[in-house]
Amino acid sequence: MRMDQNRILELKKTALEVRKDVVRMIGLSRASNLGFSLSVVDILTVLYFYSLSLNPEDPKWPERDRLILGKSDAAPALYAVLARKGFFDREELWSYRKLGAMLQGTLDARRTPGVEAPGIGPGLALGIANGVAAACRADHSPARVFCFIGDDELREGSIWESVQAASALRLGNLAAIAEVHDREPGDGKGDIRLPKTAAQRFEAFGWKTIVCDGHSAESLAEAFSLCGREKDYPLAVIAKTRWGKGISSLENRNMKAPIAPNRERVENALLELEKEGKRLAEEMEE
Amino acid sequence: MNDETVQPGMEETVLEAIREQAVLDSSLFLLAAGDERDVSLEAFGQDHPDQFLAPALSAKETVLLAAGLALSGRRVLVHSLSPLLVFQAYDAIRSAIAIPSLPVGFLLARAGFTGGEDGTLSQVLEDLAFLRVLPNVSVLVPSDSPSAGQLFREAVRAGGPFFLRLCKTPLPVLQRHDSAACQPGGASILREGDGVTLCACGTMVHEALKASTILSQQGIEAEVIDCYSVKPLPAQAITASVRRTGCCVVAEEHAAAGGLGGAIAELVSQSSPVPVKFVSVQDRFGQSGGAEELLEYYGLSFKEILSAASQAWTMRRR
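All values reported here derive from a predicted model rather than from experimental measurement.

Things to note about the overall build of chain A
Part 1 of the reasoning: What chain A contains, in helices and strands, is nine helices and five strands.
Part 2 of the reasoning: Along its sequence from the N terminus, chain A presents helices and strands in the succession α-α-α-β-α-α-β-α-β-α-β-α-β-α.
Part 3 of the reasoning: The C-alpha atoms of chain A give a radius of gyration of 18 Å, which matches the 19 Å a tight globule of 286 residues would have.
Part 4 of the reasoning: Expressed along its principal axes, the backbone C-alpha trace of chain A runs to roughly 50 × 50 × 45 Å.
Part 5 of the reasoning: When burial is assessed residue by residue, chain A has 54% of its 286 residues classed as buried.
Part 6 of the reasoning: For chain A, the share of sequence-separated contacts (at least 6 apart) that also reach a separation of at least 24 residues comes to 75%.
Part 7 of the reasoning: When the accessible area of chain A is evaluated, it comes to approximately 12300 Å², of which 46% is carbon and sulfur surface.
Part 8 of the reasoning: A distance of 3 Å separates the average location of the 41 positive side-chain charges in chain A from that of its 42 negative side-chain charges.

Topic: the pattern of salt bridges
Residues and elements named next belong to chain B.
Part 1 of the reasoning: Counted by the stated rule, this structure contains 31 salt bridges over all chains.
Part 2 of the reasoning: For Arg 157, the salt bridge identified is with Glu 154, shortest N-O distance 3.5 Å. Linking Arg 157 with Glu 154, this pair stays in helix 7 (residues 145–158), spanning three residues, or about one helical turn.
Part 3 of the reasoning: Residue classification places Glu 154 among the buried residues on the basis of a relative accessible area of 17%.

Section: the interface of chain B and chain A
Part 1 of the reasoning: Taken together, the 20 residues of chain B in the interface contact 21 residues of chain A.
Part 2 of the reasoning: Summed over both sides, the interface of chain B with chain A buries roughly 1700 Å², with 66% coming from carbon and sulfur.
Part 3 of the reasoning: When the buried surface of chain B facing chain A is broken down by residue, Glu 61, Leu 64 and Leu 71 of chain B rank first, second and third, together holding 28% of it.
Part 4 of the reasoning: Along the contact surface separating chain B from chain A lie one salt bridge.
Part 5 of the reasoning: The partner of Arg 74 of chain B in a salt bridge is Asp 139 of chain A, and the shortest N-O contact between them spans 2.8 Å.
Part 6 of the reasoning: Connecting chain B to chain A are four residue pairs in polar contact (both at pLDDT 80 or more).
Part 7 of the reasoning: Of all the secondary-structure elements, those providing two or more residues to the side of chain B that touches chain A are helix 3 (59–71) and helix 5 (90–98) of chain B.
Part 8 of the reasoning: Among the elements that take part in the side of chain B that touches chain A, helix 3 of chain B stands out by supplying eight residues, more than any other.
Part 9 of the reasoning: Classifying every residue of the side of chain B that touches chain A by side-chain character gives eleven nonpolar, five polar and four charged.

Thoughts on the domain arrangement of chain B
Residues and elements named next belong to chain B.
Part 1 of the reasoning: Once the domains are mapped, chain B shows domain 1 (10–165) and domain 2 (188–314).
Part 2 of the reasoning: On a C-alpha basis, the centres of domain 1 and domain 2 stand 26 Å from each other.
Part 3 of the reasoning: For the pair domain 1 and domain 2, the summed buried area comes to about 2200 Å², and 56% of that belongs to carbon and sulfur atoms.
Part 4 of the reasoning: For the pair domain 1 and domain 2, the number of links is one salt bridge.
Part 5 of the reasoning: For Arg 132, the salt bridge goes to Glu 266, with nearest N and O atoms at 3.1 Å.
Part 6 of the reasoning: The interface formed by domain 1 and domain 2 holds 19 residue pairs in polar contact (both at pLDDT 80 or more) in total.
Part 7 of the reasoning: Counting residues per element, the ones that place at least two in the side of domain 1 that touches domain 2 are helix 6 (127–132) and strand 5 (138–140).
Part 8 of the reasoning: Its residues placed into classes, the side of domain 1 that touches domain 2 shows 14 nonpolar, eight polar and six charged.

Some points on the packing of aromatic side chains
Part 1 of the reasoning: Taken as a whole and assessed by the stated rule, the structure comprises 13 aromatic pairs over all chains.
Part 2 of the reasoning: Their ring planes at 5° and their centres at 4.5 Å tell us that Phe 106 of chain B and Phe 163 of chain B sit as a pair that is stacked. Placement of the pair is Phe 106 of chain B in strand 4 (residues 104–108) and Phe 163 of chain B in strand 6 (residues 162–165), with a sequence separation of 57 residues. Comparing Phe 106 of chain B with Phe 163 of chain B shows no difference in burial state: the two are buried.
Part 3 of the reasoning: On the numbers, 6.4 Å between centres and 70° between planes, the contact of Phe 152 of chain B with Phe 162 of chain B is edge-to-face. In this pair, Phe 152 of chain B is assigned in helix 7 and Phe 162 of chain B in strand 6, connecting sequence segments ten residues apart. Considered together, Phe 152 of chain B and Phe 162 of chain B belong to a single accessibility category, that of buried residues.
Part 4 of the reasoning: Through a chain of ring-to-ring contacts, three or more aromatic side chains come together here, namely Trp 160, Phe 202, Phe 205 and Trp 207 of chain A.

Considerations on the packing of helix 3 (residues 41–51) of chain A against helix 4 (residues 75–85) of chain A
All names here are of chain A.
Part 1 of the reasoning: Two elements in contact, helix 3 and helix 4, have axes whose closest approach is 10 Å; the angle formed by their N-to-C orientations is 30°. On the basis of their axis angle, the class for helix 3 and helix 4 is roughly parallel. Relative to helix 4, helix 3 is oriented so that their crossing is right-handed. In this structure, helix 3 contributes Val 41, Leu 44, Thr 45, Tyr 48 and Phe 49 to the contact, and helix 4 contributes Ala 77, Leu 78, Val 81, Leu 82, Arg 84 and Lys 85.
Part 2 of the reasoning: Of the residues contributing to the contact of helix 3 with helix 4, the split by class is eight nonpolar, one polar and two charged.

Remarks on the sheet that holds strand 6 of chain B
Paired through backbone hydrogen bonds, the strands of a sheet run either parallel or antiparallel to each other.
Residue and element names in this part refer to chain B.
Part 1 of the reasoning: Taken together, seven strands build an open sheet; the order of strands is 2-1-3-4-6-5-10 and the sheet is mixed. Every other strand in the sheet has two partners, leaving strand 2 (52–53) and strand 10 (229–231) as the edge strands with one partner each.
Part 2 of the reasoning: Here strand 5 pairs with strand 6 via three bridges, running parallel. Paired with Ser 138 across the strands is Phe 162, a residue of strand 6.

Brief notes about the environment of Tyr 228 of chain B
Residues and elements named next belong to chain B.
Part 1 of the reasoning: Tracing the chain through its elements places Tyr 228 in the loop between strand 9 (222–226) and strand 10.
Part 2 of the reasoning: Looking at Tyr 228, the relative accessible area reads 2%, which means it is buried.
Part 3 of the reasoning: When the C-alpha atoms of Tyr 228 and Ala 22 are compared, they prove to be 25 Å apart, with 206 residues separating the residues in sequence.
Part 4 of the reasoning: With residues up to four places along the chain from it excluded, the contact list for Tyr 228 reads Val 139, Leu 140, Val 141, Pro 142, Leu 151, Arg 176, Cys 182, Gln 183, Gly 186, Ala 187 and Ser 188.
Part 5 of the reasoning: Only 3.1 Å separates the side chain of Tyr 228 from the backbone nitrogen of Ala 187, close enough to count as a polar contact.

Regarding the nonpolar core
Part 1 of the reasoning: With 84 residues, the main nonpolar core has Leu 126 and Phe 202 of chain A together with Phe 106 of chain B as its most contacted residues.
Part 2 of the reasoning: With nine residues, the top contributor of residues to this core is helix 5 (residues 125–138) of chain A.
Part 3 of the reasoning: In this structure, this core is formed jointly by two domains, domain 1 (10–165) and domain 2 (188–314) of chain B, each of which donates at least three residues.
Part 4 of the reasoning: Listed in part, the 65 residues of the second largest apolar core include Leu 11, Tyr 79, Leu 93 and Ala 223 of chain A.

Some words on helix 7 of chain B
Residue and element names in this part refer to chain B.
Part 1 of the reasoning: Spanning 14 residues, helix 7 covers 20 Å between terminal C-alpha atoms, matching the ideal 20 Å at 1.5 Å per step.
Part 2 of the reasoning: Along helix 7, the positions that sit buried rather than exposed are Ser 145, Ser 147, Ala 148, Gly 149, Leu 151, Phe 152, Glu 154, Ala 155 and Val 156.
Part 3 of the reasoning: In the core, the buried residues of helix 7 are packed alongside helix 1 (10–24), strand 1 (28–32), strand 3 (75–80), strand 4, strand 5 and strand 6.
Part 4 of the reasoning: Following helix 7 by one or two positions, Gly 159 has its phi on the positive side, about 95°.

Conventions used here
- Residues numbered from 1 in each chain as written.
- Chains lettered and ligands numbered in written order.
- Predicted model: local features only at pLDDT ≥ 70, side-chain atom pairs only at ≥ 80, totals over all residues.
- Heavy atoms only, no water.
- Helix = DSSP H or I, 4+ residues; strand = E, 2+ residues; numbered from the N terminus.
- Rg over C-alpha atoms; globule rule 2.2 N^0.38 Å.
- Buried < 20%, exposed > 50% of the residue type's maximum accessible area, 1.4 Å probe, protein only.
- Contact = heavy atoms within 4.5 Å.
- Areas by Shrake-Rupley, 256 points an atom, 1.4 Å probe, with all protein chains shown as cover.
- Lys, Arg positive; Asp, Glu negative; His and termini not counted.
- Charge placed at Lys NZ, Arg CZ, Asp CG, Glu CD.
- Salt bridge = Lys/Arg side-chain N within 4 Å of Asp/Glu carboxyl O.
- Buried area = accessible area lost by both parts, 1.4 Å probe.
- Polar contact = N/O pair within 3.5 Å; in protein donor to acceptor, adjacent residues only side chain to side chain.
- Nonpolar A, V, L, I, M, F, W, Y, C, P; charged D, E, K, R; others polar.
- Domains from an automatic or database assignment.
- Phe/Tyr/Trp six-rings, centres within 6.5 Å; stacked < 30°, edge-to-face > 60°.
- Axes fitted to C-alpha atoms, helices over the stretch in contact; angles between N-to-C directions.
- Parallel < 35°, antiparallel > 145°, perpendicular 65-115°, else oblique.
- Left-handed = near helix turned anticlockwise from the far one by under 90°.
- Pairing = 2+ DSSP bridges.
- Core = buried A, V, L, I, M, F, W, Y, C linked by side-chain atoms within 4.5 Å.
- Expected span 1.5 Å × (residues − 1).

As structure tokens, then:
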């Protein structure tokens, strides 16, 4: 299945707008999770604007596809995508993390329309996704359940318990999207979490796997379309991403010591994204 | 003792209640934790294949699975034969069940000294403290089978997360004057008196009643309150009683810190300060031994309640 070129450009443009909102949100809230959010924007954009079957007017529609976000640092990206998709007013983004806000620092499914599961410690979300997928299957619902797992979560032991549970429960309606950051092989840290190693581990537990480019709409859409194809096998989408994607001063850097962006950094980031937006607009006109 | 007829055990009664509820409510879902095989659970699974899973997962995975099922509209009951579930899965209980306040009930079938000969590790005497501090959660410790069944039904109806701490040894059925069903936040006044308030939960309620008979012979009329709802605490019943008696004893099969005794001390110190004495396993872990022997050895009998009551009575606030 090849994606229409215009559709790809549209998704790119949406992702760019989401990135801008994420930069603004994080700039306003002084959170330090910018790089973590930027790496997942393309994945969430493709899910919400292409792959998932959803109805923002009826967020609890029983047959909707679900996304459960394990990487809590990426909450701003999810909020920005949900707002753009129409689950709630975009104005809510500007009070992210403030007292009484709809958009909490910890995901809260009761407060925020479109959020499917509570925020939880690293390595635990896939266990919840298992339960949701088991319930959807028992309901004979066509719904598919996607669970996003951050790069750092792959080293949590509980993830692999959940991986084993999902294959034991034969959850064919479940996909884990495991993000693996682009790293130099042999840097000591990279060896543990290379796309190939991650895929091999999921395979060893009886999952179907596919490795894709976490910033290419076409590659992601194709990978997501495989979810639900095999009745008894969960799917692992290993998405190669770059930390801080889209902002050159952050991209693939400084993964260890995230810093809260100051006004200047926010301005520069927005300028860079706007420049990219103009370039995209020209491309669309051609 | 009011009535010596021994009824079906608590676990059996609760499983019967689950069977009844499962027919009425198709959203009810029973999850067997751990990999121990249990005949009655398996029988339930055969009758209700769409409402049962025994996935043989770790405690934490089981709790997470329960959360996922609850997020999808199920009322989930987690049956655990392992007394360690609370500790092994605490993080998941807090973040995936208590914070989002999901309708998940835990049936802790091997509480307190039930672990007996298995030794220290299997004797869970600190669970009430761990669970009681979690907002949104009910912590229930029934003292006989009928109250266990009633508490189960009421807690499921209330809808939030709850823990039902069950005693494996069958206990005599208590005579309750109040005809209303036991429910979270409630209490049963089993004996009225104005000499000393005896608060207890689970097995210790029976010991408190024994102690009250002897106290009566000594001229002290004890008021015995079955505090089966450790959280929410039946504040009004306790406060009203200690205002009349001026002193209180709390007995529980639990460590000294953080359990029912802690809860009542927190309450009484604010509402009507009176001396409160504790009968508990104190600041100790268990050891191997028969469950009955251990209760005796660790000072969880009517004798300790008796001496605590005499002490509290001499210090009572008049």
